[in-house]
Every structure is written in structure tokens, then in C-alpha cells.
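Breakdown of the fold
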Amino acid sequence: MNIFLYLDENTWFHRLDPRTKIIGVLLLFGLPLAFNDPRYVGAVALGLVALGAAAKALPNFWRMRYLLLLLVLFSSVLWPFFAKGPTPLWSWGPLEVSRESLLFGIAMGLRLASFVAAGLIFLSTTTNEEFTQGLIRLRLPYPVAFAFSTALRLVPTFAGAGATIVQAQVSRGLDLESGNVFQRGRKFIPLAVPLFIYAVRHTNLLAMALESRGFSPLAQRTWYVQLRMRRDDYIALAVLATLFVAAVALRLAGYGAVLPRL
Amino acid sequence: MTAVLTMWKNTRMIILVAVCAAIYAAALIAFKTAIPLIPGITEVRVANIFPMVFSLLFGPAAAWGTAIGNLIGDIFGGTLGLGSIFGFVGNFLLGYLPYAMWTTLKPLANGERAITFAGWRFPVLYAVLAFVSSAACGVVIAMWLQVLGLVPYQVLSTIITVNDTVASLIGVLLLLAVYGVVQKQLRLLWWEVMDPADIGQPIAGTVGAWLVVVGAVAGWILGAYLFTGQALIIGIVATVIILVGSALL
């Protein structure tokens, strides 16, 4: 099973500097946040699908299709009971749904799906190494970035070890398919103990290997990969910043909200 | 709180951050789609048996490891978004509070970092900290997601609190199984790995611990059940109290 979302393509998005992509995705998160009218958030969501197509990230959208659909459905059902609007549609005891709260619910579902879509575009076009390098160049302290990148590399190893442990325990008779949530939770212990010991044993070996090579968390470092912001990076950031400012300006001018106070 | 910052000078602690993050993320990814509670936001988190165990064994490395692990879980699970910011903070607290309050929540705590399994103190303190750290995590994350307009505070604070408390309580079985190995064979208990000078002392440990208890419990119960109309304000105030209390530990 491939747990990575990165898609090895050669699009304009893939070639952008990781710093541009990190700042860019934060600006993209801001767009659906500016509105709570489903027409406006829907337009942002469609724009993100178009961006996804341009970045050749649609295979990951398809991979996450059930999640994206569930996000919209769940929010659309849940929110109308918590947000209050002036035009009642239906009520039963303390429960009340208004036209505005229903639209608000749909907008929140689209907002959540838009966040996931923006994140998917980022993850589809950025390798883990680029992501880490970008964070370091954005002044994340090196020891933190080192721990982050080491964890990213260890996840597939531990996931593989976990799968082997599951097979071993199932072959010894552990039944993972039956029981309620609590019983299943307890059955996780025979899997967690060997995984934990296997993983933690790595710690001393890895620390010795690093120290024997002169690793020092606080030392000044130089980099093999040299990141450089190009003209395309500045264009991308300028376009996204303009869109973000325009979205905020629209909202402040009274557009894009079915419930203005939310 | 000092140890949370000074631990980055220690290579073993940095590796422990990575290992904790990787185990937590691997378990989160494995069970991400198993039983979703709020799609894209949270699920039945079997992986949450780990943070409290990590915390009592690896201290500050567990706090960072749990936070980074949750972020990686979001990255691999495809749910990276603005919610991940306070997911990071909430999970940091889930890994930070148990070890920091283990010695400071007096009179329940006796001030000893080493765990003595015999007697009444261990089960009581463990259960209280499982609940308080879960509620603190729930309040902080639910407040932020309500600010973003993603999920109502009342719903999410309850789901996270109950979910994490149950998982942390199940995690005691893991702790019982691995404590001796980590202490005697691997010698990786955090206060033995770190230089004593780097560990430091709490600013006002007992005050901080009780502030966290009040913020977490009141924030959850008042916001989710008693004053639901003011849930967001209660969530914000409770989050501030929890963060101030945490800083004092």
C-alpha cells in the first residue's frame, strides 16, 4: 500500500519553491474561510478542483472521494441544528432549522472539503524532503525539522512492522474482527506492545549512529539542496495574495455571507 | 515547562520525538478510516492509547512527538488543513499534561516521577490525568474548529474528550507491559535521559495543574451542556486558562 500522496509529475505547481507552496496553501485555506454563503464557497471549491486538475492532483481527489463527499453531507446535516437563522423552515421541540442555517451548513461542508482539497494539492505536488526543507528555510529550528523529517521516514517502516505484527497475532488466534468498540480497543494492546518495543529499540541505535557521525542539534548547518525563489514563485504568491485580499474585501463589503455574524 | 524547550539539545530526546511521532502517526493512519465519527475531523482513535503512555515514559519528547505525529497523520490521511494547527496544540497538550501534572497535581500526586504501580495513587492519578488531558485537548481543538466554523463546539469537545479518555484508560495495559523494559533494559525514561540541569522546575506547578483541571473540566461541561449558547466564549476562556496553567507547570 502506498501511503504517500505525492504524485511524481512535472507541472508548474510541482516546480514551485516549497516555501511558495507552504505560504500559498495557507492563503488558499483563507479563501473558503472568508465566506459562509454556499454559492461563494462553492465557487472557491470549484476553483480548487480546477487547480487540482492543473496540478494533476485529481487522482488523489478521486482517492479521497468518499471523505470529501462525507464532509459535505455531514456538515450539511449537523450545522443547521446549531446555527440560528431568521427564516424558520422546520422545528421539533428545541430543534429548529432555518433557511439560513441550512445554507450555512452546506457552506461549512464545502469549506471543510475546500480545506482538504487545498491540502491535497499541496501534498500531491510536494515531496516530504521539499516540505521539510521549506519549513527549515521558513526558520523552523533545525532539531524540530530533523525530528519531523525522521518521523516522516519512519512512518512507513513502522506501518509495515505493524502490518507484520497484525498478521503474526492473527495467525496465533487474535480475532480483530469481532466485538464492540471497547473490546476492539483492548485487542489493540497485543499489537501495540510489540510495535512499541520494536520502535523504541531503534532510539538508542539511531542516537549512537548520529552521534558517531558528529550530529549536534544546535550546530550551524549548510545545505546540499539550495532553494531559490524564481519569477513564477513571486507571480504565484502575488496572485494568491490578491485573491485572498479580494475575498476579505468582498466579505467586509457584505457579500458572501448568509449568516453575517458567523 | 523548561524541559519542553531544553530537550532539543539532547540527541536521544530528539530521536524519541521522531519515534513517538512515527508510532502515533502509523497507528492513526492505520485506523483513520476504520470508524469515522466526524468525517475528516475525528474518528474512533485507537491510536490514542499511546500519548499518555509516551508522556509518562518520555516526558517532553512525548509532547512534541504526539503533536508532530498528529500532523503527520493529517498529512498522510489527506486531512491537512487549518484545523491541523490546533490539532497540533491539542495533541501537544495530550502528550504534555500527563507527565507535567504527574508530579504537580497535589494532593493526588506525591511529587515522584517514577511510577509505583502498587497502592491507590497510581490508578486514581492515572484515571484523573487521562480525563483531564483528554478534556483539555478536546476543549482546545473544539474551540478552534468552532472559530473556523467547521464543527460545533458542543459536538466535538464531547467526542474528543470521551474518545481520548477511553483510549488513554485502555493504554494503562500498554504502560504496565512496557514500563519495566523502558526503565531497566532501554534506560530511556525521560528524566534519566535528560541532563538534570535542563529539566528545570515548574514556575507554580500545583497552581498550574489545578488551573488546567478547572479550564478543561469547566470548559467541556459548561460549553457542551450547561451554557451551549455561549459555547464559543466559554471555549476561548477555557483554552486561555488551560494554556496559562500549562505554562506554569
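Residues numbered from 1 in each chain as written. Chains lettered and ligands numbered in written order. Predicted model: local features only at pLDDT ≥ 70, side-chain atom pairs only at ≥ 80, totals over all residues.

What chain A contains, in helices and strands, is eleven helices and two strands. Of the regular secondary structure in chain A, the N- to C-terminal order runs α-α-α-α-α-β-β-α-α-α-α-α-α. Each principal axis of the C-alpha distribution contributes one length, and for chain A these read about 65 × 55 × 30 Å. Counting all 262 residues of chain A, 38% fall into the buried class. A sequence separation of at least 24 residues applies to 79% of the contacts in chain A between residues at least 6 apart. (Helix = DSSP H or I, 4+ residues; strand = E, 2+ residues; numbered from the N terminus. Buried ≥ 20, exposed ≤ 12 C-beta atoms within 10 Å, placed from the backbone. Contact = placed C-beta atoms within 7 Å.)

Per the secondary structure count, chain B includes eleven helices and two strands. In terms of overall dimensions, chain B is globule-like: its C-alpha atoms have a radius of gyration of 17 Å, near the 18 Å expected for 249 residues. With respect to the principal axes defined by its C-alpha atoms, chain B has extents near 50 × 40 × 35 Å. Among the 249 residues that make up chain B, the fraction classed as buried is 63%. When contacts within chain B are restricted to residue pairs at least 6 apart in sequence, long-range pairs at least 24 apart make up 76% of them. (Rg over C-alpha atoms; globule rule 2.2 N^0.38 Å.)

Facing the 60 residues of chain A at the interface are 51 residues of chain B. Of all the elements in the fold, those that place two or more residues in the side of chain A that touches chain B are α2 (18-33), α5 (65-78), α6 (99-125), α8 (142-171), α9 (181-187) and α10 (189-212) of chain A. If one sorts the elements of the side of chain A that touches chain B by residue count, α10(A) sits on top with 16 residues. Tallied by class, residues from the side of chain A that touches chain B come to 47 nonpolar, nine polar and four charged. (Nonpolar A, V, L, I, M, F, W, Y, C, P; charged D, E, K, R; others polar.)

A few words on unusual backbone geometry. For residues other than glycine, phi is negative in most cases, and the peptide bonds are mostly trans. Pro107(B) follows Lys106(B) through a cis peptide bond whose omega is 10°. Positive phi values are uncommon outside glycine, yet Lys56(A) reaches one of about 55°. You can see Lys56(A) is positioned in the loop between α3 (38-54) and α4 (58-63). Within the chain, Arg139(A) stands out as a residue other than glycine whose phi angle is a positive 80°. Positionally, Arg139(A) belongs in the loop between α7 (128-137) and α8.

Segmenting chain A into domains produces domain 1 (12-126 + 233-252) and domain 2 (140-212). For domain 1 of chain A and domain 2 of chain A, the distance between their C-alpha centroids amounts to 34 Å. (Domains from an automatic or database assignment.)

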